[in-house]
Each structure stands twice: as C-alpha cells, then as structure tokens.
Amino acid sequence: MRRALIVPAGGVGSRLGLATPKLLVPVNGRPMIEHLFALYATSVDAVAIVVSPAALERTREIVARAHILIELFVQEQATGMLDAILLARPAIERWRPRRVWITWADQIAIHPATVARLSASSEGEREPLVAMPTCRSAQPYVHLVRDDRDEIVGVLHRREGDAMPEVGEGDA
C-alpha cells in the first residue's frame, strides 16, 4: 500500500457553534467528509477516520457509499488530536502503508494541485520525513516556528496562550 490517510475528527464541532460534528457539516450540499474522499481518492489507498460517538452512525452511512477502503474508530471522549490520531494505529499497522498522511475534517478547500504536489514529494528517492501543505496568514491560530535552516523546531498555539506573531505559517 502506498499511502493511508488519517482523519482525526473525534470532536463534536463545538467551536463552530453547531450541534453537528464537523465532518458531517454540509458544504455545498455534501458533508465535509465526502469532500475529503473526493480530494484524496487518487492519492491514498485507505482512510482511517476517528469519530465521536455522536458521529458514528451517520459516518457509517456515508462510508458505505464510498469507493475506497475506510475504517472507523471511535474516540469516546475528546482528549486531543494526538489521542485521536493514535486510535487509528491498528489500521496503519495492518495496512502497512509506505506513507501516512493526516488531514483535518475541515480541510476540504486544499487545492487538488497541492495534493498532487504532496503525492509527488513522497514518490522520489529522498522522501521527506514530514510533508504537509502550509500557508501564511495574519493572526494565525497555529504557527510553525522555523530555525535558520528553515526546519520546523516548534509549534505555537493561540488556544494555549502562546505569544503569536502578527503573520505566521500554519498547517493549511
């Protein structure tokens, strides 16, 4: 298997102020998770989705219509993004992909050309240890701190009370 995608979506969408988990929020008539399937369909071989208990049944219905290998994992309590990612570990160990990609449920506006460049970056002889699309924005929520060699050496988070730059670089 070339690549597997993990979608940690175990939250309940509280920051959106909705009663719907984020991956099920409709955008242009389809739940966000369906947009992700379409975006990554030609780049990954399997998807592990981590959902909250509230999203499980509806996500199962959506997954049943998808044309890709998908496994669901339930995050019983929202204990953080890393915990959600680690819940998908059994699938990753079974699938044994060459690369594991991670994207958030609301990252549906990533341009297909960006996904294609990400795919190309993981095909060569010198595959990067980490590859992800980033963007610069004013008043960032997350900021990637780089050293003088342009390597990421830290991550600042607005919600953690870190001092944020006016313009920063974050995950897309």
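Structure report, in brief. Starting from 1, residues in each chain are numbered consecutively following that chain's sequence as written. Given that this is a predicted model, residues contribute local features only at a pLDDT of at least 70 and side-chain atom pairs are listed and counted only at 80 or more, while totals for whole chains, interfaces and linings are drawn from all residues. Hydrogens and water are ignored here; the side-chain numbers use all heavy atoms of the structure.

**Quick word on the environment of Arg117**
Part 1 of the reasoning: By the element assignment, Arg117 lies in helix α5 (residues 112-121).
Part 2 of the reasoning: Between buried and exposed lies partly exposed: a residue is buried under 20% and exposed over 50% of the maximum accessible area for its type, with that area taken using a 1.4 Å probe on protein chains only. Classification of Arg117 by relative accessible area gives exposed; the value is 54%. Only runs of H or I of at least four residues qualify as helices and only runs of E of at least two qualify as strands under DSSP, and these elements are numbered from the N terminus.

**Observations regarding helix α2 (residues 56-64)**
Part 1 of the reasoning: Buried residues of α2: Leu56, Thr59, Ile62 and Val63, and no others. Buried residues along α2 cover an arc of 125 degrees about the axis, so they all sit on one side.
Part 2 of the reasoning: Contacts are assigned to residue pairs that have any heavy atoms within 4.5 Å of one another. As for α2, its buried residues are in contact with β3 (30-31), α1 (32-40), β4 (46-51) and β5 (69-74). As used here, the arc belongs to the directions running from the helix axis to the C-beta atoms.

**Some words on the pattern of salt bridges**
Part 1 of the reasoning: Salt bridges are defined as contacts in which a side-chain nitrogen from Lys or Arg sits within 4 Å of a carboxyl oxygen from Asp or Glu. The final tally for this structure, using the stated rule, is twelve salt bridges.
Part 2 of the reasoning: Put simply, Arg2 and Asp45 hold a salt bridge, and the shortest N to O gap is 3.4 Å. Linking Arg2 in the segment before β1 (3-9) with Asp45 in the loop between α1 and β4, this pair joins segments that are 43 residues apart in sequence.
Part 3 of the reasoning: Overall, the relative accessible area of 28% leaves Asp45 in the partly exposed class.
Part 4 of the reasoning: When salt bridges with common partners are traced through the structure, they connect Arg146, Asp150 and Glu169 into a single cluster.

**Things to note about the packing of aromatic side chains**
By convention here, two paired aromatic rings are described through the distance between centres and the angle between planes.
Part 1 of the reasoning: Note on aromatic contacts: the rings of Phe and Tyr and the six-membered ring of Trp form a pair at centre separations within 6.5 Å, being stacked when their planes are under 30 degrees apart, edge-to-face when over 60 apart, and tilted otherwise. Summed over all chains, the structure comprises one aromatic pair.
Part 2 of the reasoning: For the pair Tyr40 and Trp101, a centre-to-centre distance of 6.1 Å together with 70 degrees between the ring planes defines the contact as edge-to-face. Within this pair, whereas Tyr40 is found in helix α1, its partner Trp101 is found in strand β6 (residues 99-102), the two being separated by 61 residues in sequence.
Part 3 of the reasoning: What makes Tyr40 buried here is its relative accessible area of 5%.

**Here we look at the environment of Thr42**
Part 1 of the reasoning: Take Thr42: it is sitting in the loop between α1 and β4.
Part 2 of the reasoning: Judged by its relative accessible area of 71%, Thr42 is exposed.
Part 3 of the reasoning: Taking C-alpha positions, Thr42 is 9.7 Å from Ile68, a pair spaced 26 residues apart along the chain.

**Concerning the sheet that holds β5**
Pairing between the strands of a sheet comes from backbone hydrogen bonds, and it takes one of two forms, parallel or antiparallel.
Part 1 of the reasoning: Whether two strands pair depends on DSSP finding at least two bridges between them. If you walk across this open sheet you meet the four strands as β5-β4-β1-β6, and the pairing is parallel. The sheet is open, and its two edges are formed by β5 and β6, each paired on a single side. Averaged over all pairs of adjacent strands, the angle between their axes in this sheet comes to 20 degrees, without regard to strand direction.
Part 2 of the reasoning: In this sheet, β5 lies alongside β4 in parallel orientation, the contact comprising six bridges. Counterpart to Val51 in the pairing with β5 is Val74. To get an axis, a line is fitted to the C-alpha atoms, and for a helix only the part in contact is used. The angle between two axes follows their N-to-C directions and goes from 0 to 180 degrees.

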